[in-house]
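Fold and contact review
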Amino acid sequence: MSHHEVRLVAHRGLHDETAGGARENTLAAVRAAVDAGATWVEVDVRLTADGEVVLLHDETLERLWHDPRPVAEVALDELRELGGGARRIPTLASVLETLHGTGVTLLIDMDATEPADAAASVVRHSDTDTRTAWCGDAHAMARVRQALPDAVIWMPWRDVTPPTAADIRTLRPTVINAQHLRVGKDFVAAVHGLGLHVAVWTVDDGAQAAHLARIGVDSITTNAFALVRDAVRAGAVDHGARRAAVVDELARGAAEFIAAARRRGIGAVETKTDPADHVTQVDRSVERYVREVIGAQFPDHAFVGEEYGGEPDAARPCWYLDPVDGTANLANGVPWTSFSLALVENGRPVVGAVHDPVGPATHGIPTGVTVLARAGHGAWRAGHRLLRIPGAARTDPLAGRIVATELAGAVAWDGFHELLDALGRRYCTVRVQGSGTATLAGVALGRGHAAMVHRYSPIDHAAALLIVAEAGGTVLDGEGRENPHPLGGPAIVGADAASAHALWEVWRSVTR
């Protein structure tokens, strides 16, 4: 297929309640998708307590209805009382009737086996002309295949390595359905070589959608139907925007994984060079995932990570990753850690993301918020651009301020104690928080007025320095020059130039 022929699937119908649109998985959302020109609509199904197949994504009613009960414990009549009109929870049978005569195909998704037999029965006994296809849990797909021998199956695949002929022999799918970050050009070619199509989910960025269409993906599931449709039709790929979108999604996914690990317990804690140099399976798991995604999306780039190493290559763009900056904090139950991922090209960070540990809590555990920066396009947190506005001019820009720094592992670096004393004499208070990434990026977020690390590492600090610079702050190297990539020396940042240079002067005086 060319990029003009890519199939677009409206995820849970066309829905955007924040803009006054329809609620997901409702008849109103399905109709809105059809009206927008969608020829495929995806919905999720669950079983009620009395065995009816209804459209709902979540296992419980908590997110949409603020009701903690599992859907499986509520009968259909009671479910229908939760909303009326456009918000009513529909049955699968009613959606098939709604799409009768439209020519639209319904993609039925399920993340568990329980609804499979009942959903297949609803389709088998429907007297509508609505075409269907099936995706979701592999065991559920096997049940559908058994119940409906001619069913169109979208086989789930969660590996960057493509399936083989042996993998598809039992299920006999038509489509391989994969998370889009794991799908690269070689993956698409291998699946096409099996005679199958490639579908990806869930793509809401136009640049990434255009890229996926260009490498031959056959189907894209999206929440942003119009945006993705227009981007695919245009065909051009904004590579800078695409890099930023991939980094943003990776950082958010890593933050969710780390938060979940903290809720269930991080498991065994090991050490590397000394007892204060910690590493956990969380660090390793996040790095493996990021490496897989970057390898799939940017196979020509170099990669250097905290846990598995790598070599930078000046001739190629290079990614630098610290999956958990502040592992000692993580290992000791201190909720102040950060994720750092940056791309350096031609000696300068060009895109980066960090995990800001200050954010909403889930089950009492802070999940944090992603901060994203792209060279020349600003720094952003939770959809808001970071714009540092310097305060009123002071005779001493550090007096009464907070300055943050970090240790050299578990010990003070040469000049550390003298720096504390010198700043203290100027009524400037020092903080050591345990994550260089969060310490430096914090200046862009209004946490302290200046910060420094005694030795810059792009693994830990490249993304943070880009964020500070794009938020209007100042980044200095050990010579007091503005330098976004100060290899081999300290990195000093300030909310304004006066603060950065004042801190640099203090550092120079105590380490001269």
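Structure shown above.
Quick caveat, the model's predicted, so the values are computed rather than measured.

**Re the layout of surface pockets**
For the largest pocket, the calculated volume is near 1100 Å³. L181, D248, E249, R252 and G253 are the residues nearest the centre of the largest pocket, which is lined by 38 residues in total. If you list the elements that add at least two residues to the lining of the largest pocket, you get α11 (239-264), α12 (281-297), β20 (369-374) and β21 (378-381). Looking at which element gives the most residues to the lining of the largest pocket, the answer is α11, with eleven residues. Residue classes in the lining of the largest pocket are distributed as 18 nonpolar, ten polar and ten charged. In this structure, the second largest pocket occupies an estimated 870 Å³ of space. If you trace the second largest pocket, you find 32 residues lining it, with D277, D325, L407, A408 and G409 closest to the centre. Of all the secondary-structure elements, those providing two or more residues to the lining of the second largest pocket are β15 (318-325), α13 (327-331) and α16 (458-470).

**What about the packing of aromatic side chains?**
This model, assessed by the stated rule, comprises three aromatic pairs. Between W413 and F416 the ring centres are 5.7 Å apart and the planes differ by 80 degrees, which places this aromatic pair in the edge-to-face class. Note on accessibility: W413 and F416 belong to one class, buried. Its end group placed over the ring of W40, R7 keeps NZ or CZ at 4.6 Å from the ring centre. Stacked on the ring of W65, the Lys or Arg R23 has its end atom at 4.5 Å from the ring centre.

**A short note on helix α1 (residues 27-35)**
For an α-helix the count is 3.6 residues per turn, leaving residues at separations of three or four pointing the same way. Within α1, the full set of buried residues consists of A29, V30 and A33. For α1, the arc enclosing every buried residue in end-on projection is 100 degrees, short of the 170-degree limit, so these residues lie on one face. Of the surrounding secondary structure, the elements contacted by the buried residues of α1 are β1 (7-11), β2 (40-47) and α4 (92-98). Just beyond α1, the residue with positive phi is G37, at close to 100 degrees.

**Here we look at the pattern of salt bridges**
Counted under the stated rule, the structure contains 23 salt bridges. Between R291 and E287 there is a salt bridge whose closest N-O contact spans 3.0 Å. Separated by four residues within a single helix, R291 and E287 lie in helix α12, roughly one turn from each other. Using a relative accessible area of 25% as the deciding quantity, one classes R291 as partly exposed. R316 is the salt-bridge partner of D313, the closest N and O atoms lying 3.1 Å from each other. One network of salt bridges, in which partners are shared, links R12, E24, D44, D58 and R63.

**Brief notes about the environment of E73**
Mapping E73 onto the fold places it in the loop between β5 (67-70) and α3 (76-80). On a C-alpha basis, the gap between E73 and A331 in space is 39 Å, while along the polypeptide they are 258 residues apart.

**Focus on α16**
The terminal C-alpha atoms of α16 lie 17 Å apart, and with 13 residues this matches the ideal 18 Å at 1.5 Å per residue to within 8%. Counting buried positions along α16 yields twelve of 13 residues, so the element is predominantly enclosed. All buried positions along α16 are accounted for by P458, I459, D460, H461, A462, A463, A464, L465, L466, I467, V468 and E470.

**Looking at the nonpolar core**
Core analysis: the biggest nonpolar cluster contains 53 residues, and L92, M110, W134, V217 and I220 have the highest contact counts within it. Of the residues forming this core, the biggest block, four residues, is contributed by helix α5 (residues 116-124). Residues V304, V371, L386 and V443 belong to the second largest nonpolar core, which totals 33 residues.

**Observations regarding the packing of helix α9 (residues 206-214) against helix α10 (residues 225-234)**
The geometry of α9 relative to α10 is characterised by a closest axis approach of 8 Å and an angle of 45 degrees between their N-to-C directions. Between α9 and α10, the crossing angle belongs to the class labelled oblique. When you trace α9 past α10, the crossing you get is right-handed. Note on element contacts: α10 touches α9 through L227, V228, A231 and V232, opposite G206, A209, A210 and A213.

**Let's talk about empty space enclosed by the protein**
In total, this model carries three cavities of 30 Å³ or more according to the counting rule given. Taken as a whole, the second largest cavity encloses approximately 50 Å³ of empty space. Lining the second largest cavity are R23, E24, N25, T26, L55, L56, L64, W65, R87, R88, I89 and P90. Across the lining of the second largest cavity, the residue classes break down as six nonpolar, two polar and four charged.

**Considerations on the packing of α5 against helix α6 (residues 138-147)**
Running from N to C, α5 and α6 cross one another at 35 degrees; their axes reach a closest spacing of 9 Å. The element α5 and its partner α6 pack so that their crossing is right-handed. Together, A116, D117, A120 and R124 of α5 and A140, R143, V144 and A147 of α6 make up the contact between the two elements. Tallied by class, the residues present in the contact of α5 with α6 amount to five nonpolar, no polar and three charged.

**Topic: the pairing of strand β16 (residues 338-345)**
β16 sits mainly inside the fold: seven of its eight residues count as buried. Bridging between β15 and β16 involves six bridges; their strand directions are antiparallel. Across the sheet, residue Y320 finds its bridge partner in β16, namely A342. Here β16 hands over to strand β17 (residues 348-356) after two residues, with N346 in that stretch at a positive phi of 55 degrees.

The rules behind these values
Residues numbered from 1 in each chain as written. Predicted model: local features only at pLDDT ≥ 70, side-chain atom pairs only at ≥ 80, totals over all residues. Heavy atoms only, no water. 1 Å grid on protein atoms, 1.4 Å probe; cavity = no way out; pocket = protein on both sides within 12 Å on 5 of 7 lines; lining within 4 Å. Points joined across faces, edges and corners; volume = space filled by probe spheres on them. Helix = DSSP H or I, 4+ residues; strand = E, 2+ residues; numbered from the N terminus. Nonpolar A, V, L, I, M, F, W, Y, C, P; charged D, E, K, R; others polar. Phe/Tyr/Trp six-rings, centres within 6.5 Å; stacked < 30°, edge-to-face > 60°. Buried < 20%, exposed > 50% of the residue type's maximum accessible area, 1.4 Å probe, protein only. Lys NZ or Arg CZ within 6 Å of the ring centre and 35° of its normal. Arc of directions from axis to C-beta. Contact = heavy atoms within 4.5 Å. Salt bridge = Lys/Arg side-chain N within 4 Å of Asp/Glu carboxyl O. Expected span 1.5 Å × (residues − 1). Core = buried A, V, L, I, M, F, W, Y, C linked by side-chain atoms within 4.5 Å. Axes fitted to C-alpha atoms, helices over the stretch in contact; angles between N-to-C directions. Parallel < 35°, antiparallel > 145°, perpendicular 65-115°, else oblique. Left-handed = near helix turned anticlockwise from the far one by under 90°. Pairing = 2+ DSSP bridges.

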